[in-house]
Amino acid sequence: MGGRTFDGKPVCVGCRQADPFNRRCCDGCGQLRVVKARTGDGRALCSTCHDIPRARCATCGELGPCRFVTSEAPRCLSCCAKQRKEAICVGCGNWRRVNNRTATGEPLCGNCGKKRKPCDGCGKAYRVSARTADGRALCQTCWAKHPAARQPCAACGSVERLYHHGLCAACAAPRSLHRALAGPDGQLRTELEGVYTALLRLPPHASLRWSNRRPTHRALLQALAAGTGPITHESLDPLAPAQIVDHLRALLVAGEALPERDEQLARLERWVTRTVARVPTPLSDAC
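Residues numbered from 1 in each chain as written. Predicted model: local features only at pLDDT ≥ 70, side-chain atom pairs only at ≥ 80, totals over all residues. Heavy atoms only, no water.

**Student:** What am I meant to see in the packing of helix α5 (residues 169–181) against helix α8 (residues 215–226) here?
**Tutor:** In the contact formed by α5 and α8, the axes pass within 7 Å of each other and the chain directions differ by 55 degrees. One element, α5, and the other, α8, form an angle in the oblique class. Facing Leu177, Ala180 and Leu181 of α5, the residues of α8 in contact are Leu221, Gln222 and Ala225. Across the contact of α5 with α8, the residue classes break down as five nonpolar, one polar and no charged. (Axes fitted to C-alpha atoms, helices over the stretch in contact; angles between N-to-C directions. Helix = DSSP H or I, 4+ residues; strand = E, 2+ residues; numbered from the N terminus. Parallel < 35°, antiparallel > 145°, perpendicular 65-115°, else oblique. Contact = heavy atoms within 4.5 Å. Nonpolar A, V, L, I, M, F, W, Y, C, P; charged D, E, K, R; others polar.)

**Student:** What should I look at first to understand the sheet that holds strand β8 (residues 63–67) in this one?
**Tutor:** Backbone hydrogen bonds are what pair the strands of a sheet, in a parallel or an antiparallel way. Judged by pairing direction, the sheet is antiparallel, and its three strands sit side by side in the order β7-β8-β9 without closing on themselves. Single-partner strands in this sheet number two, and they are β7 (54–56) and β9 (75–76). (Pairing = 2+ DSSP bridges.)

**Student:** Explain the side chain of threonine 132 here, please?
**Tutor:** Counting through the fold element by element, threonine 132 comes out in the loop between β16 (130–131) and β17 (137–138). When its relative accessible area of 5% is taken as the criterion, threonine 132 is described as buried. Apart from residues lying up to four places away in sequence, threonine 132 is in contact with Leu32, Leu138, Trp143 and His146. (Buried < 20%, exposed > 50% of the residue type's maximum accessible area, 1.4 Å probe, protein only.)

**Student:** Is there a simple way to explain the pairing of β8 in this structure?
**Tutor:** Consecutive side chains along a regular strand alternate between the two faces of the sheet. Pairing of β7 with β8 involves three bridges; the strand directions are antiparallel. Looking at the pairing, alanine 55 lines up with glycine 64 of β8. Connecting the antiparallel pair β7 and β8 is a turn made up of six residues, with glycine 61 showing a positive phi of about 80 degrees. Pairing between β8 and β9: two bridges, direction antiparallel. Of the residues in β9, the one forming a bridge with cysteine 66 is cysteine 76.

**Student:** Looking at this model, I keep getting lost on α8. Mind explaining?
**Tutor:** For an α-helix, the turn length of 3.6 residues means that residues three or four places apart are oriented alike. Between its terminal C-alpha atoms α8 stretches 16 Å, which fits the 16 Å expected from 12 residues at 1.5 Å a residue. When α8 is considered as a whole, its buried residues turn out to be His217, Leu220, Leu221, Leu224 and Ala225. One side of α8 carries all its buried residues, which in axial view fall inside an arc of 145 degrees. Exposed side chains of α8 directed beyond 90 degrees from the buried face belong to Pro215 and Ala226. Check the buried side of α8 and you find it contacts α5, α6 (193–200), α7 (204–213), α9 (233–236) and α10 (242–254). (Expected span 1.5 Å × (residues − 1). Arc of directions from axis to C-beta.)

**Student:** I tried to follow the confidence of the model for the chain on my own but got confused; where do I start?
**Tutor:** Keep in mind that low pLDDT regions are not for reading the predicted coordinates in detail. In this model, the chain carries an average pLDDT of 83, and 90% of its residues clear a pLDDT of 70 or more. Confidence, read as mean pLDDT per element, is least for helix α12 (residues 283–286) in the chain (55) and greatest for α6 (93). (pLDDT = per-residue confidence, 0-100.)

**Student:** Which parts of the structure should I look at to understand the environment of arginine 213?
**Tutor:** Its location among the elements puts arginine 213 in helix α7. Exposure remark for arginine 213: the relative accessible area of 39% places this residue in the partly exposed category. The spatial distance from the C-alpha of arginine 213 to the C-alpha of cysteine 76 is 17 Å, given a sequence separation of 137 residues. Those residues in contact with arginine 213 that sit more than four places away from it in its chain are Tyr163, His205, Leu208 and Arg218.

So this is what it looks like as structure tokens:
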């Protein structure tokens, strides 16, 4: 159960959040959203604008956004999701983690808890992406076209779809990228300044995909931040996944953060090194 109405009837989390009465104007992005948290001065923030504190998770040991940072055992978002109870979903009948519940308290998984509804813009059945001030439910495509989705950026003043914290994508990209590459002290070490500059040359949304949206991309940047010494081709070679590393390598070469290298020759040299290491006896001794 997510709450109760004024007359005491139970309401699930989905219906409580969908009710326009429970939505307020976010002081960060200016859009009509469910209030996720409030700052010390009383500002209401939605889930996008709410900046979750960073700490070292007591469960997995990773440094990142954590819940319960004021306690002795902070927990990252991934570990919080893994510790949710599991049960048989009444929607699909599969054993899943409980993401939501019906009005009578029965468990629902993430897919069944977010049923598709007819969009008030196009009429097709999609998951509700946002609601307007008059309560109209819109899908992601219709919301992107709606004038209410565009607000002035708090930094540059351009009117467009804001990314988070009242900032457009162009103003949010440097902040998000700096956070992904910064160490535990929040500072960017000198060896990573070339990486930071090269990734900022990308279009804002492409830069944000590296620093915030793609978990594999963000994990690679965090691995660079946790390392020591300069960023070279040799320091990138052991990292994984190889496809993402090669993409980052190409971006750093294009941004002049790394010199050009013959990648075919480098792969051949690594293959020769691995093959020779597997040979049990040198050929000269065998003869």
